[in-house]
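So the chains spell out like this:
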Amino acid sequence: MTVSIQAVNDFVIKFANVNGSGSASANGMFAKALFRMGIPCAPRNIFPSNIQGLPTWFEVRISEAGHLGRREGVDLMVAMNAETYAQDVAEVRPGGFLLFDSTKPFPKAMRRDDITFIGVPIAELILGEFPDPKQRQLFKNIVYVGALAELLEIEWNVLTGMIEEQFKGKEKLIGPNVRALEIGRDYARDYLQTPLPIRVARCDGVGDSILIDGNTAAALGFLWGGATVAAWYPITPSTSLAEAFEQHANRLRRDEEGKGNRFAVLQAEDELSAIGMVIGAGWNGARAFTATSGPGLSLMQEFLGLAYFAEIPAVLVDVQRAGPSTGMPTRTQQSDLLLGAYASHGDTKHVMLLPSTPKECFDFAVEALDLAERLQTPILIMTDLDLGMNDHISPPFQWDDARCYDRGKVLDADGLDAVEKWGRYLDVDGDGIGWRTLPGTHPEKGSFFTRGTSRDEYAKYTESGEVYQRNMERLQKKWATAATLVPKAEIREGSKPKACGIIYYGTSEPPMAEALQALKRQGIELDAMRIRAFPFGSEVYEFIDRHEAVFVVEQNRDAQLRSLLIIEGDIDPACLVPVLHYDGMPLPAQVVERHVAEYFAAHRKPRLSEVTP
Amino acid sequence: MTFVAKPRTHHPKLPRNDLGLTRRDYEGAVSTLCAGCGHDSVSAAIIQACHELSIPAHRVAKLSGIGCSSKTPTYFLGKSHGFNSVHGRMPSVATGANMANRELYYIGISGDGDTASIGLGQFAHIVRRRINMTYVVDNNGTYGLTKGQFSATNDKGSTSKKGAPNLYEPIDLAMMAIQIGATFVARSFSGDKAQLVPLLKAALKHEGFAFLDVISPCVAFNNHNGSTKSYEYVRSHTETMAVADLIPIRDEIRVDYAPGTVEDVAMPDGSTLRLHKLHRDYDPRDRVGAMDTLMRRAEVGEIATGLLYLDDDPSDCHEILNTVNAPLATLGEAELCPGSERLEAINAAFR
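Sequence order sets the numbering: in each chain, residues are counted from 1 along the sequence as written. Chain letters and ligand numbers both follow the written order, the letters beginning at A and the numbers at 1. Only residues with pLDDT of at least 70 are given local features in this predicted model, and only at 80 or more are side-chain atom pairs given and counted; all residues enter the totals for whole chains, interfaces and linings.

Moving on to the nonpolar core. Ranked by internal contacts, the top residues of the largest apolar core, which has 269 residues, are Val 229 and Val 278 of chain A together with Leu 308 of chain B. Here the contact rule is simple: place C-beta atoms from the backbone, and any two residues whose C-beta atoms are within 7 Å are in contact. Non-local contacts of Val 278 of chain A, meaning those with residues more than four positions away in its chain, are made with Val 229, Ala 231, Ala 288, Phe 289, Thr 290 and Ala 314 of chain A together with Gly 96 of chain B. Here, a nonpolar core means buried Ala, Val, Leu, Ile, Met, Phe, Trp, Tyr and Cys residues linked by C-beta atoms lying within 7 Å of one another. Burial in this document is a count-based property: other C-beta atoms within 10 Å of a residue's C-beta are tallied, and the residue is buried at 20 or more, exposed at 12 or fewer, or partly exposed in between, with C-beta positions derived from the backbone.

Before going further, it helps to examine the sheet that holds strand S11 (residues 272-277) of chain B. Two strands form a pair only when DSSP identifies at least two bridges running between them. In this text, helices come from DSSP runs of H or I with a minimum length of four residues, and strands from runs of E with a minimum of two, each type numbered from the N-terminal end. Taken together, eleven strands build an open sheet; the order of strands is S18(A)-S2(B)-S1(B)-S3(B)-S4(B)-S8(B)-S7(B)-S12(B)-S9(B)-S11(B)-S10(B) and the sheet is mixed. Looking along the sheet, the strands with just one partner apiece sit at the ends: strand S18 (449-451) of chain A together with strand S10 (262-266) of chain B. For this sheet the average axis-to-axis angle between neighbouring strands, irrespective of direction, equals 20°. As paired strands, strand S7 (residues 184-189) of chain B and strand S8 (residues 209-215) of chain B are joined by six bridges and run parallel to one another. Across the sheet, Arg 187 of chain B pairs through a bridge with Asp 213 of chain B, a residue of S8 of chain B. Every axis in this analysis is a line fitted to C-alpha atoms, fitted for helices over the stretch in contact. Angles between the N-to-C directions lie between 0 and 180 degrees.

For every residue, the predictor assigns a confidence score, pLDDT, that lies between 0 and 100. When pLDDT is averaged along chain B, the result is 92; 94% of the residues meet or exceed 70. In the predicted assembly, ipTM is 0.95 and pTM is 0.96.

We now examine the interface of chain A and chain B. With 59 residues of chain A at the interface, the matching set in chain B holds 51 residues. When contributions to the side of chain A that touches chain B are tallied by element, the ones reaching two or more residues are strand S9 (210-213), helix H7 (214-224), strand S10 (229-232), strand S11 (264-267), helix H9 (271-283), helix H11 (301-310) and S18 of chain A. Among the elements that line the side of chain A that touches chain B, the one with the most residues is H9 of chain A, at nine residues. Under the scheme applied here, ten amino acids are nonpolar (Ala, Val, Leu, Ile, Met, Phe, Trp, Tyr, Cys and Pro), four are charged (Asp, Glu, Lys and Arg), and all others, including Gly, are polar. Class assignment of the residues belonging to the side of chain A that touches chain B gives a composition of 33 nonpolar, 16 polar and ten charged. Taken together, the three bridges between S18 of chain A and strand S2 (residues 81-84) of chain B define a ladder with parallel strand orientation.

Residues and elements named next belong to chain B. Among the seven residues in strand S4 (residues 133-139), seven count as buried, and that is most of the element. Where burial is concerned, the two faces of S4 agree: the one with Met 133, Tyr 135, Val 137 and Asn 139 and the one with Thr 134, Val 136 and Asp 138 are both buried. Bridge analysis of strand S3 (residues 105-111) against S4 gives five bridges, and the strand direction is parallel. Note on S4: the bridge partner recorded for Ser 110 is Val 137.

A few words now on the domain arrangement of chain A. All names here are of chain A. Here the bounds of each domain stem from an automatic or database domain assignment. Entries for chain A in the domain assignment read domain 1 (7-199), domain 2 (211-394), domain 3 (413-475) and domain 4 (490-603). Here the C-alpha centre of domain 4 lies 36 Å away from the C-alpha centre of domain 1. Tallying the contact residues gives eight residues for domain 1 and ten residues for domain 4. Of the residues in the side of domain 1 that touches domain 4, the class split is two nonpolar, two polar and four charged.

Okay, unusual backbone geometry next. In this structure, the amide linkage connecting Thr 236 of chain A to the following residue, Pro 237 of chain A, adopts the cis form with an omega of 5°. Inspection of the secondary structure puts Pro 237 of chain A in the loop between S10 and helix H8 (239-252). With an omega of -5°, the peptide bond between Gly 323 of chain A and Pro 324 of chain A qualifies as cis. In this fold, Pro 324 of chain A is placed in the loop between strand S13 (314-322) and strand S14 (328-332). The residue Lys 147 of chain B is not glycine, and still its phi comes out positive at about 75°. A tally of 10 C-beta atoms within 10 Å means that Lys 147 of chain B is categorised as exposed.

Listed below in structure tokens is the structure:
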């Protein structure tokens, strides 16, 4: 008999459910209860591309040490879907636990003797309590949360408090929900060994953090950042971003009388139209954005080239999912980096921001609106499904009321009267950025024709090769300006220099500290750099230059960020060692640890016995 | 081709409008289209309409897609901002621009390839959204800029320059526009300025989505015998169903038409839109009747022109979305940013 896992505030629990059964909200409640007990935790919804009837999972990593990346292996499986029993049993670590609905016996053939099976006859327990079959289905989920409260020692008033909050205004639902919790709790108390050797305990691990998903965070950033036009087409996993924007704007962006909207949300007929609307609005002076995912970004290519060449502000969020083609629409990846960086035909380059946390989703949304108008070009915020759709513990959002929007170089009527000679694409400031004008500004001055075809500094059509090339070179100068304005990389270096470094970005952040600690225990110490934007600032290349070899951690097959570093920085590919993870699940620390350790094992100097014949 | 400016001198006695401007003030660069191209007549009609309506040119935004027709915004209203976007996607750009600033006039210029083929989806949806703009299709049934391929508005059986017949059914854009929610739909002919200019004026003053399908022959590739979009064919096969005149506020309204054939519609700016029903049984405010007539005429190879459909109480997308009166592009931090206190409340809601 294997010894049971013992742990307080340090384990992984996974819920196996059927999708469309209301499990996501019960599981979310479970995670939030831990958060409210001050325990760092990371919930992750692993869902099918389906509305009802297919298997779905919800994983929560609980770590008082704050290691919130995904961890391999499950300590407690809440197996509520008989169809996936075999797979769910297999995932449990030796010494772990599996909770199941014992209304029907658990098949002997699937049992393991190195894990503890905990039966709660959920269906039977609620049969007498709730007559409505639909309610029964929903309350099943609440019952297991109640049982877990007893098994894991979740504070009771935290759970009931959440139910009261959730059903504020629909008070008659509070009673039945609490009753469902009690049914689970009472059964566990009366018939099961409690608490389990793995359990939780209130701690002080979350401070003033908030628990929020990146899509909502970005939507709020756009709201605070002054976006007025949002155009989008529904696509997983970005849909909730546009919906959150509309929902919060309806509340926070009405005029004083509460009548008129100070925003317009357009659900477009496709992504081509969505980005076209954003470009039209940006051209006409409004702050506008769209949110999409890989297939949508593919469709937007032609328009992004136009916006690059015609120099029109636009903001796009790509909540990346597993590609190519339809790929795995409900799985996460960082595989659109190259598509975003060089979107469209011809010589194009686009600014990309790479947030890691909901706080950064908020901040970068605000920043992107400023950068788009300052640089007069599309800004792509590259998040992913894990960051966008899952709740994450994040520092709270902050706003400085003295902050002004940077509307960039726009000449108004007085400005036009004041300048001697104006040309839309004249580089008068030496930063590669011209002064633009908006339609309707001045009766006599400042009108020009925006086009994707070549034109001179005064926006006049031309097919002169020399003029075309001059313009392309100015755009390159603007690109260099962009590199000085985008968020700098975050560098973590100790006082003593290390031979090797590691580069990562986006949602590879949560597992990184854990991976680096584990490597240190093995005697491998690395300097670390989190890249936050493209084009890369000089600090990125300097970091690479300081190290003999640098690992580049990515959630894609083709080492796309590494390619960008090689292409843009002229870096010797031999110096950049790819560490890749692309099965569609968030990156676990163990993958980084394994890859890096293997590299060191393979590159250590040979021992004498190994070279002597 | 390079940019060609027109000489700025003009006859001192050219008529001036309410803004003291002559027609020349509404011109653009010299056209680079083929001599005799119908599109140049459409540009001239737009110049005349804007001049007569005394629209300040800088308050107009001209948008287009790609193709011969989409080149024309360079050739009129030189003091307006213009946007030559990507092929078939002018509607989305116009939609975004209109959302940003509801106070400007928007003129969209497209062609039959741009609108009926590559851009058919965007066309359908801008109609549904009722963007307040004037959308003109210079319809010549052919791809001029790529030298003479059939377009989707080309009639079945109509022949190419080399004599090959078109094998596919045509798309009637005016019919589509009526069916999916345009509040002003007209068809005209680039060779009939007397009809086109008043229709353009009425369209520009229409506070909703106004669509004009203007048959505009391509002299290079689709003006031969056998083509149903040639000058000759169009001249001999059109029948005007109704026309519209825009009567400015100060003009006295005199009724000198046969009873039942004229109707006056009050416009929001105080002017009057006068409808002349030229066809006894045709009522341009009967949506279903209009579609019935268009289909029946098309069956016998005739082209119904004039004002085909009018909703005289139109709504537009800003009304649908309930946006504020001030252009969204002009709003600043004070109107847009909910501020730190509200953000703190958001933080609290996520704890």
